[in-house]
Amino acid sequence: MAVRKIVGVIGGMGPMATWWFCEHITRHTRAGSDQEHAHVCVDCNTNIPDRTEAILHGGESPVPELVKSGVRLQSMGAGVLVMPCVTAHCFHEELAPRFDVPLLNMLQETVREITRRQIDCVGLLA
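What you see is a predicted model, and the numbers here were worked out from it, not measured in a lab.

Undergrad: What is the right way to look at the sheet that holds strand E3 (residues 78-82) in this model?
TA: Strand pairing in a sheet is mediated by backbone hydrogen bonds. Such pairs are either parallel or antiparallel. With parallel pairing, three strands are arranged side by side in an open sheet as E2-E1-E3. Here the strands that pair on one side only, and so sit at the sheet edges, are strand E2 (40-44) and E3. When strand polarity is set aside, the average angle formed by the axes of neighbouring strands in this sheet is 25°. In this sheet, E2 lies alongside strand E1 (residues 6-11) in parallel orientation, the contact comprising five bridges. What sits directly across from valine 9, in E2, is valine 42.

Undergrad: Which parts of the structure should I look at to understand the environment of leucine 81?
TA: Mapping leucine 81 onto the fold places it in strand E3. Residue classification places leucine 81 among the buried positions, given a relative accessible area of 0%.

Undergrad: What exactly am I supposed to notice about the nonpolar core here?
TA: As a rule of thumb, soluble globular proteins bury nonpolar side chains together. Ranked by internal contacts, the top residues of the largest apolar core, which has 20 residues, are Ile10, Leu81 and Leu95. When residues of this core are traced back to their parent elements, those giving at least two are E1, helix H3 (63-75) and E3. Setting aside anything within four residues of it in sequence, one finds leucine 81 in contact with Gly8, Ile10, Gly70, Leu73, Phe99, Val101, Pro102, Leu103 and Leu104.

Undergrad: What am I meant to see in the pattern of salt bridges here?
TA: Any two side chains of opposite charge can pair if their charged atoms end up close together. In total, this model carries seven salt bridges according to the counting rule given. In this structure, glutamate 65 and lysine 68 form a salt bridge, with 3.1 Å as the shortest nitrogen-oxygen distance. Residue glutamate 65 and its partner lysine 68 are located together in helix H3, separated by three residues, close to a single helical turn. Take lysine 68: its relative accessible area is 44%, and that puts it in the partly exposed class. Residues arginine 117 and glutamate 113 are paired through a salt bridge, measuring 2.7 Å at the closest nitrogen-oxygen approach. Using a relative accessible area of 54% as the deciding quantity, one classes arginine 117 as exposed. Judged by relative accessible area, glutamate 113 falls into the partly exposed class, the value being 29%. By sharing partners, the salt bridges in this structure join Glu113, Arg116 and Arg117 into a single network.

Undergrad: Whenever I open this one, the side chain of asparagine 105 confuses me. Can you help?
TA: Secondary-structure assignment places asparagine 105 in the loop between helix H4 (92-95) and helix H5 (106-116). A distance of 2.9 Å separates a polar side-chain atom of asparagine 105 from the backbone nitrogen of leucine 107. The contacts of asparagine 105, once residues within four sequence positions are left out, are His89 and His92.

Undergrad: Hey, could you run me through H5 in this one?
TA: Since the α-helix packs 3.6 residues into each turn, any two residues three or four apart lie on the same face. Its side-chain oxygen 2.9 Å from the backbone nitrogen of leucine 107, asparagine 105 forms the N-cap of H5. At the exit of H5 stands glutamine 118, carrying a positive phi of roughly 55°.

How each quantity is defined
Residues numbered from 1 in each chain as written. Predicted model: local features only at pLDDT ≥ 70, side-chain atom pairs only at ≥ 80, totals over all residues. Heavy atoms only, no water. Pairing = 2+ DSSP bridges. Helix = DSSP H or I, 4+ residues; strand = E, 2+ residues; numbered from the N terminus. Axes fitted to C-alpha atoms, helices over the stretch in contact; angles between N-to-C directions. Buried < 20%, exposed > 50% of the residue type's maximum accessible area, 1.4 Å probe, protein only. Core = buried A, V, L, I, M, F, W, Y, C linked by side-chain atoms within 4.5 Å. Contact = heavy atoms within 4.5 Å. Salt bridge = Lys/Arg side-chain N within 4 Å of Asp/Glu carboxyl O. Polar contact = N/O pair within 3.5 Å; in protein donor to acceptor, adjacent residues only side chain to side chain.

Have a look at this one:
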């Protein structure tokens, strides 16, 4: 059996969004058995301060709690980190260097996929 990276999910920024994201990982994995699914560890950290408040109004920075979550997930063996919260990606450049494993950037990955599929017109629902 090939060794696969453990996916570490920095969650809790919308606890239901965290679980929705994890459900999608499971539903979209082509697996014929339990053992073929991704190994996923989740830190549903509801202590992470509001990202919008920090960005728009200079509120408490979410970075310290996001780092705590990422470090916890690394200690559980995560080889890659993800954040289902789009707004949290405003802090990606500050966060990524603080980890020993890659922190995927949802926005960059979206652009990469749009480019790969040669999509020339994208709509945004917000």
